[in-house]
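# Examining the three-dimensional arrangement
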Amino acid sequence: MDYRELPSDYLEKMKKLLKEEFEDYLTCFSEPPHYGLRVNRLKCTPEQFAAECGWKLTQIPWAGDGFYYDRDLKPARHPWYFAGLYYLQEPSAMAPASLLPVEPGDKVLDLCAAPGGKSTELAAKLQGEGLLFSNDISNSRAKALLKNLELAGAGNICVSSETPEKLARYFEGFFDKILVDAPCSGEGMFRRDGDMVKSYSQKGPEYYSRIQYEIVSEAVKMLRPGGMMLYSTCTFDEEENEGTIRRLLKEHDDLHLVPLEKQDGFQPGIGLSECVRLFPHKIRGEGHFIALLKKDGRSCGSEEDGGRSRKAPVPLAAPAKWTKEWEPVREFLALTHREWEPGRLYHVNETIYYLPEPLSGAGAPYLKKVRYLRTGLLLGELKKGRFEPSQALAMYLKKEEFTDTFDMSSEDGRVIRYLKGETVQLSEEETTQSRGWCLVCADGHPLGFARRQNGILKNKYYPGWRWQ
């Protein structure tokens, strides 16, 4: 974008903020943007991926699983993308989730989560333990969020589309870690996205600073004592950034800032040295602001209930009872080399889910009146006495966790045909006597299910995800 198209009041503000660095900032508008992908640790390690892909990649300093890639590379048109091995993300946008110290077993809230870049990173940090609760007030954006989480193989999830105020009614003091990547005026993205400039002229910092404080005020209510909350924006405006944090600290005397490690090129906040500012003329990425806060005190309650004193939960739906009609479900789960805890299985009519551990049993929060898109791992549906496993389950499993698999090289043309929903023809050598469900893989990474039948794989890849 040509910086001369930027609003004059914005340019004047940036000149005052950057002083002698202002010309360097303007110069970066003539430079191409940077492209990044983040390896999904639920599927493989960054070291394995970098060694096997054969692509020209450069490590992103602030993201241990993030890499710059050449703009001529087309990673979204590779089978590994459909296997969920990586997420395409602007490099600076990797910083917030990377800097939130999430540990396996934590209960984590991503409050403004769509389209899912930060949520998928938080899911990878949890490594299948604890809970990732991802919310976006926009229902349409929350649907994209859900797809990205399921593509990543995250099973310990809840995805909702609610206001922060409503969530705070039911999850007071519940979460160990909270990420608020707040809606903002988007000044940090002007260089990359000209549409953000058009939006800025209609809704600027004054509009967003009010919304941001409303969001973080509700988020604080959901943070347990001793928990940590990360606040981030992709704007440079002081009122949206440090102004929001100062007001939050003034209104909540049980919060304090936690100093963030300064990578090369990271700048301290204005008057708040614990915070971090990212500028596109200082790093290979766009603009961001990041602040990490901790709530004082220790959680109350017994160790047995995870530090919570709560009433018994109201079930989402009936727990699964393994009567004769549910035998097909049990038989299919027996094909997976995993342990399924019966108390976490439940069904809504004929759809079967597997709840994250923190949402099952005593101490779980009230769940009924929240608008969910997903609660736990969608296992599949029982249709006319037959169980149909879900695409989400295929992505959740690893190759070695299913009894019958069919693995192709990513360069095999049949991989693309499978991803397009077509039937896969097997050679005589590949044909076996076994019939029934098969997990289809590319280079050892699951893509989806199929059914073996007379020398073919009958395609069960989810239609909404097909290669276009």
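You'll find the protein entered in an unreviewed UniProt entry as NOL1/NOP2/sun family protein, with Clostridium symbiosum given as the organism. Per UniProt, the protein carries the Sequence similarities (unreviewed entry) text "Belongs to the class I-like SAM-binding methyltransferase superfamily. RsmB/NOP family."

## Considerations on the sheet that holds strand E17 (residues 377-383)
One open sheet holds the 4 strands; their spatial order is E14-E15-E17-E18, and the pairing between them is antiparallel. The two strands at the open ends of the sheet, each matched to only one other strand, are strand E14 (345-348) and strand E18 (386-389). Between one strand axis and the next, the sheet turns by 30° as a mean value, whatever way the strands run.

## A few points about the UniProt feature "binding site: S-adenosyl-L-methionine" (unreviewed entry) in the protein
Per the UniProt entry, the sites bearing "binding site: S-adenosyl-L-methionine" (unreviewed entry) are Cys 112, Ala 113, Ala 114, Pro 115, Gly 116, Gly 117, Lys 118, Asp 136 and Asp 181 in this numbering. Taken along the chain, the residues just named run across 70 residues; in space they keep tight, none of their C-alpha pairs more than 12.8 Å apart. As for the annotated residues named above, the ones lining the largest pocket are Cys 112, Ala 113, Ala 114, Pro 115, Gly 116, Gly 117, Lys 118, Asp 136 and Asp 181. Residues in contact with Gly 116, not counting those within four places in the same chain, are Tyr 87 and Leu 145. Note on placement: Gly 117 falls in helix H6 (residues 117-126). If sequence neighbours within four positions are ignored, Gly 117 has contacts with Arg 38, Tyr 87 and Gln 89.

## Things to note about empty space enclosed by the protein
One pass over the full model with this rule turns up 1 cavity of 30 Å³ or more. In this structure, the largest cavity spans a volume of roughly 80 Å³. Contributing to the lining of the largest cavity are Arg 38, Asn 40, Tyr 81, Gly 84, Tyr 86, Tyr 87, Thr 120, Asn 148, Leu 151 and Ala 152. Counted by class, the lining of the largest cavity contains 5 nonpolar, 4 polar and 1 charged residues.

## Regarding the domain arrangement of the protein
Per the domain assignment, the segments of the protein are domain 1 (1-293) and domain 2 (401-463). Summarising the inter-unit geometry, the C-alpha centres of domain 1 and domain 2 are found 37 Å apart. In this assembly, 7 residues from domain 1 lie in contact with 10 residues from domain 2. When residues of domain 1 are sorted by the area they lose upon contact with domain 2, Pro 79, Trp 80 and Phe 82 head the list and together hold 60% of the total. For the pair domain 1 and domain 2, the number of links is 0 salt bridges. Inspection of the domain 1/domain 2 interface yields 1 residue pair in polar contact (both at pLDDT 80 or more).

## A closer look at the pattern of salt bridges
Considering all chains together, one arrives at 26 salt bridges under this definition. Linking Glu 187 and Lys 13 is a salt bridge whose minimum nitrogen-to-oxygen distance equals 2.5 Å. In this pair, Glu 187 is assigned in the loop between strand E8 (175-181) and helix H9 (194-202) and Lys 13 in helix H1 (residues 8-18), connecting sequence segments 174 residues apart. By relative accessible area, which is 1% here, Glu 187 ends up buried. Under the relative-accessibility criterion, Lys 13 is labelled partly exposed at 26%. When the shortest N-O distance is used, the salt bridge between Lys 282 and Glu 21 registers 3.2 Å. Linking Lys 282 in the loop between strand E12 (276-278) and strand E13 (288-295) with Glu 21 in the loop between H1 and helix H2 (22-27), this pair joins segments that are 261 residues apart in sequence. Salt bridges sharing common partners tie together Lys 13, Glu 187 and Asp 237.

What counts and how
- Residues numbered from 1 in each chain as written.
- Predicted model: local features only at pLDDT ≥ 70, side-chain atom pairs only at ≥ 80, totals over all residues.
- Heavy atoms only, no water.
- UniProt positions renumbered as here; feature names shortened; annotations may be inferred.
- Pairing = 2+ DSSP bridges.
- Helix = DSSP H or I, 4+ residues; strand = E, 2+ residues; numbered from the N terminus.
- Axes fitted to C-alpha atoms, helices over the stretch in contact; angles between N-to-C directions.
- 1 Å grid on protein atoms, 1.4 Å probe; cavity = no way out; pocket = protein on both sides within 12 Å on 5 of 7 lines; lining within 4 Å.
- Contact = heavy atoms within 4.5 Å.
- Points joined across faces, edges and corners; volume = space filled by probe spheres on them.
- Nonpolar A, V, L, I, M, F, W, Y, C, P; charged D, E, K, R; others polar.
- Domains from an automatic or database assignment.
- Buried area = accessible area lost by both parts, 1.4 Å probe.
- Salt bridge = Lys/Arg side-chain N within 4 Å of Asp/Glu carboxyl O.
- Polar contact = N/O pair within 3.5 Å; in protein donor to acceptor, adjacent residues only side chain to side chain.
- Buried < 20%, exposed > 50% of the residue type's maximum accessible area, 1.4 Å probe, protein only.

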